[in-house]
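Reading the structure
What follows is each chain in one-letter form.
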Amino acid sequence: MTAEPASSGPVRPVEGLEAAEGLHVPSQRHWAAEARTGPHVTARVYGIPVTQGSARAFVRGNRAVVTSANTRLKPWREAVRSTLVDQLPDGWAPIAGPVAVYIAFMLPKPASAPKRRRTWPLGARSGDLDKLIRAIFDAATDAGVWGDDAQAVCVTASKDYGDRPGAEVTIYPMERAG
């Protein structure tokens, strides 16, 4: 007897990155009907996704300096920020209300990974999904997509191995009840 995995709803293939074939995530029906009420931003960012972990703080002279412990973070965030800025329509104003976010991360498959069976990016080197999201959110704030990443009220994210590493990000304003 095989056990069926618990699911919050039907699964569907992820759309987007060409390498995402076969990747499934829970259905987005719970927010998709409310989202898409106005202009949205969709961007594909190519490169190896980098986690945004804990920051380091130290004092230099009379100033406090806060920096990331990951030296690869700054170029990744800049790639995300610049790609989002390029995708913003003319006259874009930062989203003021609640936001729904969809992110699909594609990671490089390690050479040591099995070739003939399905594997998932579960190891420490693949990065925590929440820390991968944090880097995207801060880059979206820097790009002026929204005023603050606290506006994200619904997030659907996935990570998988793919031939072309990167992330696909879609950000929608949520409909306001009224």
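This text goes with the structure placed above it.
Here's what I pulled together on the structure shown here. (Residues numbered from 1 in each chain as written. Predicted model: local features only at pLDDT ≥ 70, side-chain atom pairs only at ≥ 80, totals over all residues. Heavy atoms only, no water.)

1. Quick word on the side chain of Gln52
Considering the arrangement of structural elements, one finds Gln52 in the loop between β3 (41-46) and β4 (55-60). Here the side chain of Gln52 touches Asp138 through a polar contact of 2.5 Å, side chain to side chain. (Helix = DSSP H or I, 4+ residues; strand = E, 2+ residues; numbered from the N terminus. Polar contact = N/O pair within 3.5 Å; in protein donor to acceptor, adjacent residues only side chain to side chain.)

2. With respect to the pattern of salt bridges
In this structure the tally under the stated criterion is four salt bridges. Residues Glu168 and Arg44 are paired through a salt bridge, measuring 3.3 Å at the closest nitrogen-oxygen approach. Taken as a pair, Glu168 in strand β8 (residues 166-173) and Arg44 in strand β3 lie far apart in primary sequence, 124 residues in all. Note on Arg44: relative accessible area 34%, which makes it partly exposed. With a closest N to O distance of 3.8 Å, Arg77 and Asp138 form a salt bridge. Pair noted here: Arg77 is in helix α2 (residues 73-87) and Asp138 is in helix α3 (residues 129-143), with a separation of 61 residues, a long-range link. Look at the salt bridges and you will find they share partners, linking Arg77, Asp138 and Asp142 into a network. (Salt bridge = Lys/Arg side-chain N within 4 Å of Asp/Glu carboxyl O. Buried < 20%, exposed > 50% of the residue type's maximum accessible area, 1.4 Å probe, protein only.)

3. Some remarks on the sheet that holds β3
With mixed pairing, four strands are arranged side by side in an open sheet as β3-β8-β6-β7. The two strands at the open ends of the sheet, each matched to only one other strand, are β3 and β7 (152-161). Sheet twist, expressed as the average angle between the axes of neighbouring strands with direction ignored, equals 10°. One ladder, built from eight bridges, connects strand β6 (residues 99-107) with β8; its direction is antiparallel. Looking at β8, one finds that Ala100 is bridged to Tyr172. The strands touched by α2 are β3 and β8; relative to β3, the strand with the most contacts, the crossing angle is about 140°. (Pairing = 2+ DSSP bridges. Axes fitted to C-alpha atoms, helices over the stretch in contact; angles between N-to-C directions. Contact = heavy atoms within 4.5 Å.)

4. A closer look at the pairing of β6
Within β6, nine of the nine residues are buried, leaving the element largely enclosed by the surrounding structure. Burial along β6 is two-sided: the face carrying Val99, Val101, Ile103, Phe105 and Leu107 and the face carrying Ala100, Tyr102, Ala104 and Met106 are both buried. Note that β6 and β7 share nine bridges and pair parallel. Directly across from Val101, in β7, lies its bridge partner Val155.

5. Digging into the environment of Pro89
Within the secondary structure layout, Pro89 lies in the loop between α2 and β6. Taking relative accessible area as the criterion, Pro89 reaches 36% and is therefore assigned partly exposed. C-alpha separation for the pair Pro89 and His40, spaced 49 residues apart in sequence, amounts to 8.9 Å.

6. Details of α2
Here α2 contains 15 residues, and its C-alpha end-to-end distance of 21 Å stays within 8% of the 21 Å for a straight helix at 1.5 Å per residue. Listed as buried for α2 are Leu73, Trp76, Val80, Thr83 and Leu84. Down the axis of α2, the buried set is contained in an arc of 110°. They therefore lie on one face. Exposed residues on α2 whose side chains face more than 90 degrees from its buried face are Lys74, Pro75 and Asp86. (Expected span 1.5 Å × (residues − 1). Arc of directions from axis to C-beta.)

7. Thoughts on the environment of Tyr46
Here Tyr46 is to be found in strand β3. For the pair formed by Tyr46 and Glu168, sequence separation is 122 residues and the distance between their alpha carbons is 8.7 Å.

8. Comments concerning the nonpolar core
If you look at the biggest cluster of nonpolar residues, it comprises 29 residues, and the most contacted ones within it are Ile103, Val145 and Ile171. Within the residue set of this core, elements represented by two or more residues are β3, α2, β6, α3 and β8. When sequence neighbours within four positions are dropped, the list of residues in contact with Ile171 reads His40, Val41, Ile95, Val99, Ala100, Val101, Ala140, Val145 and Trp146. (Core = buried A, V, L, I, M, F, W, Y, C linked by side-chain atoms within 4.5 Å.)

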